[in-house]
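# Close look at the chain arrangement
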Amino acid sequence: MESDPREPTANQPAPGHVRGVATATPWISATLLVFAAVLGMGGWTYRPPAPATVRVPAWATDNAPVRRPRLQPTLTSGVYTYRCSDCHRIIPSPSETDRTLTQHREIELRHGINTRCFNCHHRENRDAFVDDYGNEIPWNQPQLLCAKCHGTVYRDWQHGAHGRTNGFWDPRRGEPRRLRCIECHDPHWPPFAPMVPAPGPASPRPRLEAGRGHVGRELRPAPTPLRPPPESPRDVKRPDGKGGQQ
Amino acid sequence: MSDKRSDRRGFLAKGFAAMAGAAAAAAAVSPLRHLTGDSIPSWEEFFQKHYKEMTPEDKQAVLERIRRHVEERFQARATVSDPPPLDGVEFVYGLNLSRCIGCRRCVHACVKENNSSRSPEIQYIRVLQMEKGSIDVETSDHHYAPPQVPDPDKYYMPVQCHQCAKPPCVKVCPVEATWQEKDGIVVIDYDWCIGCRYCEAACPYWARRFNFAEPTIPKDELNPRMAYLSNRPRSKGVMEKCTYCLHRTRVGRLPACLEVCPTGSRKFGNVLDPASEVAFILKHKRVYVLKEDVGTLPRFFYYFDERGSRYGEPLS
């Protein structure tokens, strides 16, 4: 049986050749079938290892200022809105002594050494602030009050180097809106409040647990045991122990 | 010869080899099955001229084609414009390192404004968390995720395209798909880019991003105000980068990253105007240029306040 295909080809090449083509026909069709089958298999195709679509968090793209102060000397209690002078005209404030407040106790005054109400609020007219000479500063111009102490910051703010400007850079095209001090800073507790950071990049982080150092360094074989993270931020200048001589 | 032809072992081997070859060939060409209309350029797209060689009529036709394409792809009505650079304007960016708290609002506002791909993720701005007292970017971390920022032991340095006056990315482009406009913005013609990524390698600020896969943008988050050279949707295989939001800034508005910044650390304007904010900053504040030594002359300046960073410091 094994020598069967050999004999006719040895004697008669032409018929054997024809028969070889005939034998190859299933091979050709099988080959084409395999081609088609692999082409049809979806699982073998390359899929980019991209993570799922991450939507932009809406709170992270909100342009609103961090504070929305009322630029009016009003106080809302329940459904009523009072002007400051409505109470303070009738009830004079006691002189400033080191005592526990009986009113406005929600205010936490953490403004450094500025611990006196009347450093900023006008003693007689509570609907205004007070300047260095005892004159009134209108309630809607709080930057003039802050400028009493924070001169360099006020100078920067006037020229736009400090503080937020929204809208237009080109005043011919539209109005730039420069935010005022208290739209970012709480006047009673002025440092800019910490906030939750928006999500970081989803890129792979080929870094050590220590989370420090150049990426390229860590792709090399790491020495064992791994170097512990530095104890204090001052020590991180040479995370790989190199470069001390440079 | 006749022996070889009729050898059963050889016959089987050849047959299986042919099948294996066919399988390999099929596997190699199988990605072609995923070609969609988006991936195959249309006739007019294929023969589109370089941006600088287009006549105004050509440009109008191209903008209309892009508008139709966006409508098909996102079912959204978009306006595609091509604002020219303004005369007597050179844009400069200032960033106050003393005030930045690393909240990453700018990163996400930028992604949304510029129709950047959400998956794979493309972000133009990288906020580096730096060790205080160090300017070594190699010890920085941009994956930081504390419950609250700022960390009092760190400072934050957002890095994006610096729109250099001597841009190395432009120099290396083999097809002139990227160039510097006269207002200083380095732009990319996404239809001319061949995706060689030379510019990505040349940039010392890691500012250029590559679309490794077809970019995905949620349809409801698409920004319909588009420009040819900035935030129109990109396709797979092209570079992109920050353009100072030229579709906004060339009509007088401020960039999206600046408008969202809660601290006001970001400053933008025309440096040729002596009354502008950035001109004041360059004249009066202490300014730091990232990698000044590489000689790229960036139009992006970091600056400081008098007493340095004050956040987190006790007020007593």
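### Examining the overall build of chain B
Scanning chain B from N- to C-terminus turns up 10 helices and 12 strands. Computed over the C-alpha atoms, the radius of gyration of chain B is 25 Å, more than 25% above the 20 Å expected from 2.2 N^0.38 for a compact globule of 316 residues. The principal-axis extent of the C-alpha atoms belonging to chain B is close to 100 × 50 × 40 Å. The buried share of chain B, taken over its 316 residues, is 45%.

### Here's the deal with the nonpolar core
Cys-106, Cys-110 and Cys-257 of chain B are the most contacted members of the largest nonpolar core, which totals 72 residues. Considering every element that reaches this core, the biggest residue donor is helix α5 (residues 105-113) of chain B, with 5 residues. Residues Trp-139, Cys-146, Cys-181 and Cys-184 of chain A belong to the second largest nonpolar core, which totals 7 residues.

### A few points about unusual backbone geometry
All names here are of chain B. Here the residue pair Ser-119 and Pro-120 is connected by a cis peptide bond, since its omega of -5° sits within 30 degrees of zero. The backbone of Arg-104 shows a phi angle near 65°, a positive value even though the residue is not glycine. For Glu-176, which is not glycine, the phi dihedral falls at a positive 55°. Locating Glu-176 in the fold gives a position in the loop between α6 (168-172) and β5 (178-180).

### Topic: the interface of chain B and chain A
At the junction of the two partners, chain B supplies 74 residues and chain A supplies 69 residues. Of all elements in the fold, only α1 (2-6), α2 (8-29), α5, α9 (256-260), β10 (266-270) and α10 (277-284) of chain B reach the threshold of two or more residues within the side of chain B that touches chain A. Ranked by the residues each element gives to the side of chain B that touches chain A, the list is headed by α2 of chain B, at 8 residues. When the residues that make up the side of chain B that touches chain A are grouped by side-chain class, the tally is 32 nonpolar, 22 polar and 20 charged.

### Topic: the sheet that holds strand β12 (residues 300-304) of chain B
Residue and element names in this part refer to chain B. An order of β10-β2-β12-β11 is seen for the 4 strands of this open sheet, with the pairing classed as mixed. In this open sheet, the two edge strands, each paired with only one partner strand, are β10 and β11 (286-288). Geometrically, the sheet is characterised by an average inter-axis angle of 30° between neighbouring strands, direction not taken into account. The pairing of β11 with β12 spans 3 bridges and is antiparallel. Bridge assignment links Arg-286 to a residue of β12, and that residue is Phe-304.

### Structural notes on helix α5 (residues 151-159) of chain A
All names here are of chain A. Those residues of α5 that sit buried are Val-153, Asp-156 and Trp-157. Viewed along the axis of α5, the buried residues span an arc of 100°, placing them on a single side of the element. Exposed residues on α5 whose side chains face more than 90 degrees from its buried face are Gly-151 and Thr-152. Buried positions along α5 lie against α4 (142-146).

### Section: the domain arrangement of chain B
In terms of domain boundaries, chain B breaks down into domain 1 (2-34) and domain 2 (91-304). Once you take the C-alpha centre of each, domain 1 of chain B and domain 2 of chain B turn out to be 52 Å apart.

### Description of the pairing of β12 of chain B
Residues and elements named next belong to chain B. With 4 of 5 residues buried, β12 lies mostly within the body of the structure. In this sheet, β12 lies alongside strand β2 (residues 91-96) in parallel orientation, the contact comprising 4 bridges. Residue pairing across strands places Tyr-93 opposite Phe-300, the latter belonging to β12.

Quick notes on the rules
Residues numbered from 1 in each chain as written. Chains lettered and ligands numbered in written order. Predicted model: local features only at pLDDT ≥ 70, side-chain atom pairs only at ≥ 80, totals over all residues. Helix = DSSP H or I, 4+ residues; strand = E, 2+ residues; numbered from the N terminus. Rg over C-alpha atoms; globule rule 2.2 N^0.38 Å. Buried ≥ 20, exposed ≤ 12 C-beta atoms within 10 Å, placed from the backbone. Core = buried A, V, L, I, M, F, W, Y, C linked by C-beta atoms within 7 Å. Contact = placed C-beta atoms within 7 Å. Nonpolar A, V, L, I, M, F, W, Y, C, P; charged D, E, K, R; others polar. Pairing = 2+ DSSP bridges. Axes fitted to C-alpha atoms, helices over the stretch in contact; angles between N-to-C directions. Arc of directions from axis to C-beta. Domains from an automatic or database assignment.

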